[in-house]
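# Structure assessment
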Amino acid sequence: MGKEAGKEIFQSASVDAVLLTNAANMRFVSGFIGEGYVYLSKKSALIVTDSRYTIAAAAECPDFQIIEWNRKGYYAPFMEAARRDGIQALGIEDEEMTVSAYEKLASQMKEAGADRIEIRNLGQTVTKLRAVKTEVEIENIRRAEAIGDVAFSNILGKLCAGMTEKEVAAWLEFYMKKEGADGLSFDTIAASGVHSAMPHAVPTDKALQEGDFLTMDFGCLYRGYCSDMTRTVVIGRASEKQKLVYNTVLRAQEEALRGIRPGMSGKEIDAMARNVIKKAGYGKNFGHSLGHSVGMEIHEKPCFSPNAEEIIRPGMVITVEPGIYIENFGGVRIEDVVVITEDGCENITHSEKRLIEVM
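Attention here is on the structure that accompanies the text.

Conventions we followed
- Throughout this document, residue positions are counted from 1 along each chain, in the order its sequence is written.
- In keeping with the model being predicted, local features are shown solely for residues with a pLDDT of at least 70 and side-chain atom pairs are shown and tallied solely at 80 or more, while totals for entire chains, interfaces and linings include all residues.
- Water and hydrogen atoms play no part in the side-chain values, which are based on all heavy atoms of the structure.
- One bridge is not enough; two strands pair if DSSP finds at least two bridges between them.
- Numbering of helices and strands starts at the N terminus; helices are DSSP runs of H or I of at least 4 residues and strands are runs of E of at least 2.
- It only takes one pair of heavy atoms within 4.5 Å for two residues to be counted as in contact.
- For every element, the axis is a line fit to its C-alpha atoms; helices are fit only across the contacting stretch, and the angle between N-to-C directions ranges from 0 to 180 degrees.
- Any angle that falls under 35 degrees is termed roughly parallel, while one over 145 is termed roughly antiparallel, one within 65 to 115 roughly perpendicular, and all others oblique.
- For a crossing to be left-handed, the near helix must be turned anticlockwise from the far one by less than a right angle; the clockwise case is right-handed.
- Amino acids are sorted into nonpolar (Ala, Val, Leu, Ile, Met, Phe, Trp, Tyr, Cys and Pro), charged (Asp, Glu, Lys and Arg) and polar (every other residue, Gly among them).
- Helix span is expected to be 1.5 Å times the residue number reduced by one.
- Using a 1.4 Å probe on the protein chains alone, a residue whose accessible area is under 20% of its type maximum counts as buried, one over 50% counts as exposed, and one in between counts as partly exposed.
- Orient the strands so they point away from the viewer; a crossover is then right-handed if the path from the first strand over the helix to the second runs clockwise.

## Describing the sheet that holds strand 20 (residues 357-358)
- With respect to topology, 4 strands assemble into an open sheet ordered 8-9-12-20, the strand pairing being mixed. The sheet is open, and its two edges are formed by strand 8 (189-192) and strand 20, each paired on a single side.
- Two strands pair when backbone bridges link them, and strand 8 and strand 9 (residues 213-218) are joined in this way by 4 bridges, in the antiparallel orientation. Considered in strand 9, the bridge of Ala 190 is made with Met 216.
- Along the sheet face, helix 7 (residues 135-156) touches strand 9 and strand 12 (229-235) and points at about 10° away from the line of strand 12.

Rendered as structure tokens:
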């Protein structure tokens, strides 16, 4: 994106330079994958890093000057550029920078006589630019999601009573890597039986048992972009209550998928699914939001939630993941990723959603 993104940032935040430290934002603006920071002004474009990343950065970011920081201080290269560029207002990522890093920045600026530069908080200025994806970004997410589809298909042939949750997670991760994933977009969740009532359960040594719900939430990275999907199956035969709970979640998701339109708010979309679950008597068992955006990070804005006022626009990529969680019984979550289109949404998750009983 480079200077093109810079113009929008400068205008939105009323600054004439930015210091980026968030890994996703650095990559979005410059293409840099590594540790350090990006300094971008109307006159300069710098990546400041250490010797581990300089060679790769030079290849990844041809429009940026690569500087290896030295004993002069971590922030010295940017301050030299800022003085040269005549910077009046510098935007920093206040939601990313720690108090310690900010104090270090302010101290070094004062020592270098650069404390005349006003520091302004960027808030979500840069992350908001990432909300609407380009065709290239959408294609990368689509490919990542397709890798997840293959992993789910493969795990179905592996699941059996006696297998542990940790083994389920390990096999899912193996299948994603085997299919071409560059890494994981988050820690894999494999939660069975009563553990499935915990939306973000950590896999344990618990063995799968006949009659267990098994919820699997997993995702991978492809060219820096995340996938995310959740499927819940039953080990053995499903009980009538399990069928009822599962099909309620499925109806809720289908209602939202049919109703999503650009121009709606996140809370309007959340309500479509939540009302189905409420009418079935499980409203108190659906505590989390309906969905979140995905991109370079697994949780981005905007989202579908009861408090989400932001308007949904074409090109946004968001999960749709209703759930019901009942303590001492189990839980169900079904999650797909959709691309908001001009007249609705395109579901880019293609794994089976009808209740699967693993025999």
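Once you've had a look at it, read on.
## Thoughts on the packing of helix 4 (residues 76-85) against helix 5 (residues 99-111)
- Between helix 4 and helix 5, whose axes approach to 11 Å, the crossing angle comes to 50°. Taken together, the axes of helix 4 and helix 5 are oblique relative to one another. In the crossing of helix 4 with helix 5, the sense of the turn from one axis to the other is right-handed. Listed contacts from helix 5 to Ala 76, Phe 78 and Met 79 of helix 4 are Leu 105, Gln 108 and Met 109.
- Of the residues that constitute the contact of helix 4 with helix 5, the class distribution is 5 nonpolar, 1 polar and no charged.

## Some thoughts on helix 9 (residues 240-259)
- If you check helix 9, its first and last C-alpha atoms are 29 Å apart, about what 20 residues at 1.5 Å a residue would give, namely 28 Å.
- Among the residues of helix 9, those classed as buried are Gln 242, Val 245, Tyr 246, Thr 248, Val 249, Leu 250, Ala 252, Gln 253, Ala 256, Leu 257 and Gly 259.

## Section: the pairing of strand 3 (residues 45-49)
- Taken across its 5 residues, strand 3 has 5 buried, putting it largely inside the fold.
- Where strand 2 (residues 37-41) and strand 3 come together, 4 bridges link them in antiparallel fashion. Across the sheet, Leu 40 pairs through a bridge with Ala 45, a residue of strand 3.
- The loop that links strand 2 with its antiparallel partner strand 3 comprises 3 residues.
- Sheet topology note: the strand 3/strand 4 (residues 65-68) ladder contains 4 bridges and is parallel. Directly across from Leu 46, in strand 4, lies its bridge partner Gln 65.
- Handedness of the crossover joining strand 3 and strand 4 through helix 3 (residues 54-60): right-handed.

Purely geometric stuff here, so don't read any function into it on its own.
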